[in-house]
Amino acid sequence: MKVGLVYYSRTGHTKQVIDDIAEKLNDDDHKIDIISLELASPWDASADRLPLKKLPDIQGFDCIIVGTPVHGARMAGAVRTFLEESEGLIGKEVVFLLTHLFWQGWGADQTIQQMRELCTAKGADVLGYGNVRWLGFKRNKRIQQAERKVIELLKD
Ligand SMILES: Cc1cc2nc3c(=O)[nH]c(=O)nc-3n(C[C@H](O)[C@H](O)[C@H](O)COP(=O)(O)O)c2cc1C
């Protein structure tokens, strides 16, 4: 299966998990492509959406994993622009990967809901999500659980 991992990461948490997932998918003989979304203007915490240097072409992927930090109970502005502007989401299998600092109800759940609504409205087939709460003990265990969940969703 050809999997595109498209993500935005400001401080490296989301990148770390995405890179790990990519490595595991690679070991499972999937063809993977990691795409980091780059901003065309300075980051602005208050902006709902932010312009991208380049909109990735996702046509060739069987499935995409969309990685985002939670920013104020929303997806990252770069990720919203990517999902809103992408042409190739119709019929595409999509899995979300979120990282966030706090309990899931403090922003992550709302973000998952927004991403699900946006992707479904664009005709994507949302398979589910994995998420990592960054703060607190046993973070590595939570990372491994989220990675396993994302990979299992792709196999179903
Ligand atoms: C402006 C801003 C808003 C944030 N809002 C939330 C939030 O609503 N809920 C939460 O759990 N974490 C929130 N966070 C924390 C990030 O989601 C968390 O640190 C994430 O893992 C960062 O990912 P990154 O290193 O890939 O950028 C916020 C961080 C920033 C900078």
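The following paragraphs examine the structure supplied in this document. (Residues numbered from 1 in each chain as written. Predicted model: local features only at pLDDT ≥ 70, side-chain atom pairs only at ≥ 80, totals over all residues.)

**Section: helix H4 (residues 139-155)**
Here is step 1: In a regular helix each residue adds 1.5 Å, so 17 residues correspond to 24 Å; H4 covers 25 Å between its end C-alpha atoms and thus fits that length.
Here is step 2: Where H4 is concerned, the buried positions are Ile 143, Ala 146, Glu 147 and Val 150. Buried positions in H4, seen along its axis, are confined to an arc of 100° and lie on one side of it. Those residues of H4 that are exposed and aimed more than 90 degrees away from the buried face are Lys 141 and Lys 155.
Here is step 3: The inward-facing, buried residues of H4 contact helix H1 (13-27), strand S3 (63-69), strand S4 (93-100) and strand S5 (125-133). (Helix = DSSP H or I, 4+ residues; strand = E, 2+ residues; numbered from the N terminus. Expected span 1.5 Å × (residues − 1). Buried ≥ 20, exposed ≤ 12 C-beta atoms within 10 Å, placed from the backbone. Arc of directions from axis to C-beta. Contact = placed C-beta atoms within 7 Å.)

**Some points on the nonpolar core**
Here is step 1: In this structure, Ile 65, Val 79 and Leu 97 are the most contacted members of the largest nonpolar core, which totals 40 residues.
Here is step 2: Those residues in contact with Val 79, other than ones at most four positions away along the chain, are Tyr 8, Leu 37, Val 66 and Thr 68. (Core = buried A, V, L, I, M, F, W, Y, C linked by C-beta atoms within 7 Å.)

**Re the environment of His 30**
Here is step 1: Among the secondary structure elements, His 30 is positioned in the loop between H1 and strand S2 (31-36).
Here is step 2: In sequence terms His 30 and Met 1 are 29 residues apart; their C-alpha atoms lie 5.2 Å from each other.
Here is step 3: If near-sequence neighbours (up to four positions away) are discounted, His 30 is found in contact with Met 1, Val 3 and Leu 25.

**A few points about the environment of Phe 82**
Here is step 1: Here Phe 82 shows up in helix H2 (residues 77-85).
Here is step 2: The contact partners of Phe 82, leaving out residues within four places of it in the chain, are Val 6, Leu 37, Leu 52, Leu 55 and Pro 56.

**Looking at the site of the ligand**
Here is step 1: Around the ligand sit 21 residues, and of these Ser 9, Thr 14, Pro 69, His 100 and Gly 107 come closest.
Here is step 2: Going through the elements one at a time, H1 and S4 are the ones with two or more residues in the shell around the ligand.
Here is step 3: Tallying contributions element by element places H1 first for the shell around the ligand, with three residues.
Here is step 4: A per-class count over the shell around the ligand returns nine nonpolar, ten polar and two charged. (Near = placed C-beta within 6 Å. Nonpolar A, V, L, I, M, F, W, Y, C, P; charged D, E, K, R; others polar.)

**Notes on the packing of H1 against H4**
Here is step 1: At a closest axis distance of 10 Å, the pairing of H1 and H4 adopts a crossing angle of 50°. The angle between H1 and H4 falls in the class oblique. Helix-helix and strand crossings are classified by hand; for H1 and H4 the assignment is right-handed. Taken together, the residues of H4 that come into contact with H1 (itself represented by Val 17, Asp 20, Ile 21, Lys 24 and Leu 25) are Ile 143, Ala 146, Glu 147, Val 150 and Ile 151.
Here is step 2: Of the residues contributing to the contact of H1 with H4, the split by class is seven nonpolar, no polar and three charged. (Axes fitted to C-alpha atoms, helices over the stretch in contact; angles between N-to-C directions. Parallel < 35°, antiparallel > 145°, perpendicular 65-115°, else oblique. Left-handed = near helix turned anticlockwise from the far one by under 90°.)

**A word on the pairing of S5**
Here is step 1: Here eight bridges tie S4 to S5, and the two strands are oriented parallel to one another. When the bridges of S5 are listed, Phe 96 appears paired with Tyr 129. (Pairing = 2+ DSSP bridges.)

**Re the sheet that holds strand S1 (residues 2-7)**
Here is step 1: One open sheet holds the five strands; their spatial order is S2-S1-S3-S4-S5, and the pairing between them is parallel. Sheet topology places S2 and S5 at the edges, where each strand pairs with a single neighbour. With direction set aside, neighbouring strand axes in the sheet form an average angle of 15°.
Here is step 2: Across seven bridges, the pairing between S3 and S4 is parallel.

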